[in-house]
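# Structural overview
Chain residues, written in single-letter form:
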Amino acid sequence: MAVMTSSARRPLLNRRLAGFGTTIFAEMSALALSTGAINLGQGFPDTDGPEEVREAAVRALRDGRGNQYPPGPGVPELRTAVAAHQERRYGLAYDPATEVLVTAGATEAIAASLLALLEPGDEVVALEPYYDSYAACIAMAGGTRVPVTLRPHEETVDGTVHRRFRLDLDELRDAITDRTRLLLINTPHNPSGTVLTREELTVIAGLAVERDLLVVTDEVYEHLVFDGAEHVPLASLPGMRERTVTIGSAGKTFSFTGWKVGWVTAAPELVTAVRSAKQYLTYVASGPFQYAVAEALALPDAYFEAFRADMLAKRDLLSAGLTEAGFGVFRPAGTYFVTTDIRPLGESDGFAFCRALPERAGVVAVPNAVFYDDREAGAPFVRFAFCKRTPVLEEAVSRLKALAG
């Protein structure tokens, strides 16, 4: 029975959050802990990032930098480093003083952006499947979520089946109405591993300009693209810089997810709006870690290349093992997740499959259905993370091969 207040006789939880409950990541990580299974569900590395970056955080702590409240927009060193990174990588020039905002990870950046830019009743077109916080943040802002689904697609080349999820640009265009305020774009895309092409992003940019829409773009996996895929920041396309809020994060690139250091880059008016909401969320966070991330962003290209090469090898290891175990595998062009189809295993319910997998094979995964409004569309898909040590992935692959029998 729901707990009700004595006066209003209504549930305690704000109705906008009704139905969200505990995240699937908490449930599956608890299941991994209770069963001793290998956790390939939640996307966090099982090793720390570069030693020099960790030592930079220690230095900041010892030197008393960031131990008290840092500046609201973020420490100047990090804002300067973010701006330098965007210009060096993509030719995007941002003013560190007015066009960069540091946040408590990308999740706060998403929340602050949506809370700042939406009014109740505004529609947000989001790519489905989507990171679960998108739905909750849109709901908290009073917006209406309009999903556009990435559809599974197969093609055979030289006898090899290639699977990927594709965006239907006509479906995207049809989803935009007079009530649409904002497009919420994620590339490289979690959980599908799709990297939107320059051609696809050009169409999205054209729609945003044509319909005078704002865009929030989540690019936290920008340094994890494979097989010749190119990460193209939407803000770099014609007409987009002044209407795009770009979100980045240190956690995915430098393997310090617990530090919770993210950032927003955008035109001054957009940054001011997002900061107005952000200051009433955490206000500030991660003081000493901001100085360390500033140094991390200045690491030479060799670091980023080695990081990507390491993840590519792990992607191939896990993808091959999942294929051998009988899954239909969508080899990702980006991120550190592999989405699989469980129907070749005679299964169709991803929730039931994932809840039974720790006992069946000693491995934890996440059902993709939690990332869909249309749960049936996501029902047969399951996501595995490969941001783990190679011996851990090898053991997971060995265990999963039992399913092939």
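Just so it is clear, the model here is predicted, and its values are computed rather than measured. (Residues numbered from 1 in each chain as written. Predicted model: local features only at pLDDT ≥ 70, side-chain atom pairs only at ≥ 80, totals over all residues. Heavy atoms only, no water.)

### Overview of the domain arrangement of the chain
Short version of the rule: Residue ranges for the domains originate in an automatic or database domain assignment. Contacts are assigned to residue pairs that have any heavy atoms within 4.5 Å of one another. When a carboxyl oxygen of Asp or Glu is within 4 Å of a side-chain nitrogen of Lys or Arg, the pair counts as a salt bridge.
Split into domains, the chain comes out as domain 1 (15-44 + 302-402) and domain 2 (52-299). With centres defined by C-alpha atoms, the gap from domain 1 to domain 2 works out at 23 Å. If you look at the interface, domain 1 gives 33 residues, while domain 2 gives 43 residues. Linking domain 1 with domain 2 are 2 salt bridges.

### A closer look at the side chain of Thr244
Rules: Runs of E in the DSSP output that reach at least two residues are strands. Runs of H or I that reach at least four are helices, and both are numbered from the N terminus. Partly exposed residues are those whose accessible area sits between 20% and 50% of the maximum for their type, while under 20% is buried and over 50% is exposed, using a 1.4 Å probe and protein chains only.
Tracing the chain through its elements places Thr244 in strand S9 (residues 244-249). A residue is classified by how much of its surface remains accessible, and Thr244, at 0% relative accessible area, is buried. Those residues in contact with Thr244 that lie beyond four places of it in its chain are Val215, Thr217, Ala235, Thr265, Ala266 and Leu270.

### Points about the pairing of strand S5 (residues 151-157)
This is how the line gets drawn: Paired strands, as defined in this entry, are two strands with at least two bridges between them according to DSSP.
Pairing of S5 with strand S6 (residues 160-166), which is carried by 7 bridges, proceeds in the antiparallel orientation. In the sheet register, Arg151 faces S6, and the bridge partner there is Arg166. The loop that links S5 with its antiparallel partner S6 comprises 2 residues; one of these, Asp158, has a positive phi angle of about 55°.

### Describing the side chain of Asn39
Here is the rule we go by: Side-chain atoms alone can form a polar contact between residues adjacent in sequence; in general such a contact is a pair of N or O atoms within 3.5 Å, and within protein one must be able to donate a hydrogen while the other accepts it.
As for its position among the elements, Asn39 is in strand S1 (residues 38-39). Separated by 2.9 Å, the side chain of Asn39 and the backbone nitrogen of Gly41 make a polar contact. At a separation of 3.4 Å, a polar atom in the side chain of Asn39 contacts the main-chain amide nitrogen of Gln42. The contact partners of Asn39, leaving out residues within four places of it in the chain, are Ser29, Ala32, Phe44, Val364 and Lys388.

### Digging into the packing of aromatic side chains
To keep it simple, the criterion reads: Stacked, tilted and edge-to-face pairs are distinguished by plane angle, under 30 degrees for stacked and over 60 for edge-to-face with tilted covering the rest, among Phe, Tyr and Trp rings (Trp via its six-membered ring) whose centres lie within 6.5 Å.
A full pass over the atoms with the stated rule returns 18 aromatic pairs. Taking 6.0 Å as the distance between ring centres and 75° as the angle between the ring planes, the aromatic pair formed by Tyr221 and Phe337 counts as edge-to-face. A residue pair is termed long-range when its members are at least 10 positions apart, and Tyr221 in the loop between strand S8 (214-218) and S9 and Phe337 in strand S12 (residues 337-341) qualify at 116 residues. Look at Tyr221 and you get buried, because its relative accessible area is 4%. Ring-pair connections join several aromatic residues into one group, and the members of that group are Phe254, Tyr303, Phe304 and Phe307.

### Quick look at the sheet that holds strand S15 (residues 381-385)
Sheet architecture is open: 4 strands sit in the order S11-S12-S15-S14, paired in antiparallel fashion. Where the open sheet ends on each side, the last strands, each with one partner, are strand S11 (328-330) and strand S14 (366-367). Sheet topology note: the S11/S12 ladder contains 3 bridges and is antiparallel. Bridged to Val329 within S12 is Thr340.

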